[in-house]
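Coordinates in review
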Amino acid sequence: MTDLLTISGLTVRFQLRDAVVEAVTDLDLTVRPGELLAVVGESGCGKSVLAHALLGLLPANATVTGRAHLADGPVDLLRCGEKTLAKTIRGRRIGLIPQSPATSLTGVRRGRRLLAETLKAHGRDPGLADHVAEQAGLDPADLHRYPFELSGGMAQRLATALALAGEPPLLIADEPTGGLDRPLVEHTLDLLRSRCDGGAAVLLITHDLAAAERVADTVAVMYAGRIVEHRAADEFFRGPGHPYSRGLLNALPDREFRPIAGHPPMLTALPEGCAFAARCDRVTAACARRPTGTVACHHPLTGAEVLA
Ligand SMILES: Nc1ncnc2c1ncn2[C@@H]1O[C@H](COP(=O)(O)OP(=O)(O)O)[C@@H](O)[C@H]1O
Ligand code: SF4
Ligand SMILES: [Mg+2]
């Protein structure tokens, strides 16, 4: 099937007074209709910046280059301009469940009115508000509240309902399970999965590998602004190729429950070679050159050593 979204060479830089933040670098990704692609990685590796770049939501100190081609009424998201993004893309063709929705929801309307207006703006029956709230796991009784009266988990579910209102063919869910307890995490993940099974594409951004394992078709691992591994989810969870991916998996409670030692590098002072070198137990002199490929590593894991 043809790709719905094709991102090539996406690069985002933030200009600070005396430094440049290399937030996303030369990122290539594709998503097909019906595919759930999980973008995973530790905090600060550029996942939310990726989402915001696609939707034109970055602040003025950002410079974005590359291409992000959305098929079906083709458009390059990085070049089409704010007017097109606002009128025809955001909410209609791409829905966003933002990270920290409690801060992005406007406080002046009650949840039901917010949802009904959003449904109406997308040409749907405003009377569906309760139904869409329920789909998102939000008790319709809570729709009478103002956003500021909602708990973090309720705000998360309202944001999910708002993103579903336009039935967008592509949904970007940025940490959609943050602040939810386990049953609601599962409800939200199953909801995303059911969107895909209905033909939509979902970009699930998460630091929660267990969430990705439950629902993803494909996994892309981000480290220091780059994709370091990208492959089918079943292969990935059976045996990742990148030492960083193995570290993420070994940190899971049902595996070794052992976090990766050290911290990601500063994005204002990235090394020339492999950005993971300072934390990697396989590093050699070759790693001073930047690795490329679908597993961006000079010494990828193979066979039996994969989960050793
Ligand atoms: N407006 C900004 N100005 C400067 N740096 C920023 C800005 N927004 C994000 N960053 C930096 O970009 C990097 C990636 O952030 P982000 O995409 O939010 O990470 P995450 O993977 O946790 O979602 C971080 O180092 C963050 O500090
Ligand atoms: S390229 Fe080298 S330092 Fe980087 S992950 Fe691979 S082995 Fe480790
Ligand atoms: Mg984020």
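Description of the structure in this document. (Residues numbered from 1 in each chain as written. Chains lettered and ligands numbered in written order. Predicted model: local features only at pLDDT ≥ 70, side-chain atom pairs only at ≥ 80, totals over all residues. Heavy atoms only, no water.)

1. What about the pattern of salt bridges?
Where side chains of opposite charge bring their charged atoms close, a pairing between them can arise. A complete count under the given rule lists 22 salt bridges for this structure. Salt-bridge contacts for Glu-42 lead to Arg-279; the nearest nitrogen and oxygen are separated by 3.0 Å. One end of the pair, Glu-42, is in the loop between strand S3 (36-40) and helix H1 (47-54); the other, Arg-279, is in the segment after helix H10 (243-250), and 237 residues separate them in sequence. Judged by relative accessible area, Glu-42 falls into the partly exposed class, the value being 21%. (Salt bridge = Lys/Arg side-chain N within 4 Å of Asp/Glu carboxyl O. Helix = DSSP H or I, 4+ residues; strand = E, 2+ residues; numbered from the N terminus. Buried < 20%, exposed > 50% of the residue type's maximum accessible area, 1.4 Å probe, protein only.)

2. Considerations on the environment of Glu-35
If you trace the backbone, Glu-35 turns up in the loop between strand S2 (20-31) and S3. Through-space distance from the C-alpha of Glu-35 to that of Asp-197 is 8.2 Å; in sequence the pair is 162 residues apart. Contact partners of Glu-35, with chain neighbours within four places excluded, come to Thr-30, Cys-196, Ala-200, Ala-201, Val-202, Asp-217 and Thr-218. Among the polar contacts made by the side chain of Glu-35, one reaches the main-chain amide nitrogen of Arg-32 at a distance of 2.9 Å. At 2.4 Å, the side chain of Glu-35 forms a polar contact with the side chain of Thr-218. (Contact = heavy atoms within 4.5 Å. Polar contact = N/O pair within 3.5 Å; in protein donor to acceptor, adjacent residues only side chain to side chain.)

3. Observations concerning the coordination of the magnesium ion (ligand 3)
On the protein side, the magnesium ion (ligand 3) has Ser-48 (OG) and Gln-99 (OE1) as donor atoms, found 2.1 Å from it. Highlighted residues: Ser-48 in helix H1 and Gln-99 in the loop between strand S6 (94-97) and helix H3 (101-104), separated in sequence by 51 residues. Looking at Gln-99, the relative accessible area reads 38%, which means it is partly exposed. (Donors = N, O, S within 2.8 Å, 3.2 Å for Na, K, Ca; no water.)

4. Thoughts on the sheet that holds strand S4 (residues 62-70)
Strand order in the open sheet formed by 4 strands is S2-S1-S4-S5, and the pairing between neighbours is antiparallel. At either end of the open sheet lies a strand with only one pairing partner, and these are S2 and strand S5 (75-76). In the packing of H1 onto the sheet, contacts are made with strand S1 (5-15), S2 and S4, and the angle to S1 comes to roughly 110°. (Pairing = 2+ DSSP bridges. Axes fitted to C-alpha atoms, helices over the stretch in contact; angles between N-to-C directions.)

5. With respect to the nonpolar core
Ranked by internal contacts, the top residues of the largest apolar core, which has 97 residues, are Leu-77 and Leu-115. For this core, the element with the most residues is helix H6 (residues 152-165), which contributes 8 residues. Of the domains in this structure, domain 1 (1-93 + 168-308) and domain 2 (107-167) are the two that each give at least three residues to this core. Apart from residues no more than four positions distant in its own chain, Leu-77 is found in contact with Leu-5, Leu-54, Ala-68, Leu-70, Leu-85, Ile-89 and Ile-94. (Core = buried A, V, L, I, M, F, W, Y, C linked by side-chain atoms within 4.5 Å. Domains from an automatic or database assignment.)

6. Concerning the pairing of strand S10 (residues 226-232)
Within a regular strand, side chains alternate between the sheet's two faces. Note that strand S9 (residues 218-223) and S10 share 6 bridges and pair antiparallel. In the strand pairing of S10, Val-221 is matched with Glu-229. As consecutive antiparallel partners, S9 and S10 are separated by 2 residues, and within that stretch Ala-224 has a phi angle of approximately 50°, a positive value.

7. Observations regarding the pairing of S6
With burial as the criterion, each face of S6 is covered, one bearing Ile-94 and Leu-96 and the other bearing Gly-95 and Ile-97. Direction of pairing for S6 relative to strand S7 (residues 170-174): parallel, over a ladder of 4 bridges. The residue bridging Leu-96 from the neighbouring strand is Ile-172, located in S7.

8. Here's the deal with unusual backbone geometry
In the Ramachandran plot, Glu-167 falls in the positive-phi region, its phi being about 45° despite a non-glycine side chain. Checked against the element boundaries, Glu-167 lands in the loop between H6 and S7.

9. Considerations on the side chain of Glu-175
As for its position among the elements, Glu-175 is in the loop between S7 and helix H7 (182-197). Of the buried charged residues, Glu-175 lacks a salt bridge, with Lys-47 as the closest side chain of opposite charge at 4.2 Å. Once residues lying within four places of it in the same chain are set aside, the contact partners of Glu-175 are Lys-47, Gln-99, Gln-156, Ile-205, Thr-206 and His-207. (Lys, Arg positive; Asp, Glu negative; His and termini not counted.)

10. Examining the packing of aromatic side chains
Scanning the model with the defined rule gives 5 aromatic pairs in all. Ring centres 5.1 Å apart and planes at 90° place the aromatic pair Phe-236 and Phe-237 in the edge-to-face group. Exposure class is identical for Phe-236 and Phe-237. Each is buried. (Phe/Tyr/Trp six-rings, centres within 6.5 Å; stacked < 30°, edge-to-face > 60°.)

11. Side note on the site of ligand 1
In the neighbourhood of ligand 1, 15 residues make up the surrounding shell, with Gly-44, Gly-46, Lys-47, Ser-48 and Val-49 lying closest. One of the backbone N or O atoms of Gly-46 is found 3.1 Å from an oxygen atom in ligand 1. Within the backbone of Ser-48, a nitrogen or oxygen atom sits 2.9 Å from an oxygen atom of ligand 1. When ligand 1 is considered free in solution it has 570 Å² of accessible area, and contact with the protein chains removes 68% of it. Going through the elements one at a time, S2 and H1 are the ones with two or more residues in the shell around ligand 1. (Near = heavy atom within 4 Å. Areas by Shrake-Rupley, 256 points an atom, 1.4 Å probe, with all protein chains shown as cover.)

12. Comments concerning the side chain of Gln-156
Considering the arrangement of structural elements, one finds Gln-156 in helix H6. Accessibility expressed as a relative area gives 3% for Gln-156, which makes it buried. Sequence-distant contacts of Gln-156, defined by excluding residues within four places in its chain, comprise Ile-97, Pro-98, Pro-101, Glu-175, Pro-176, Gly-178 and Leu-180.

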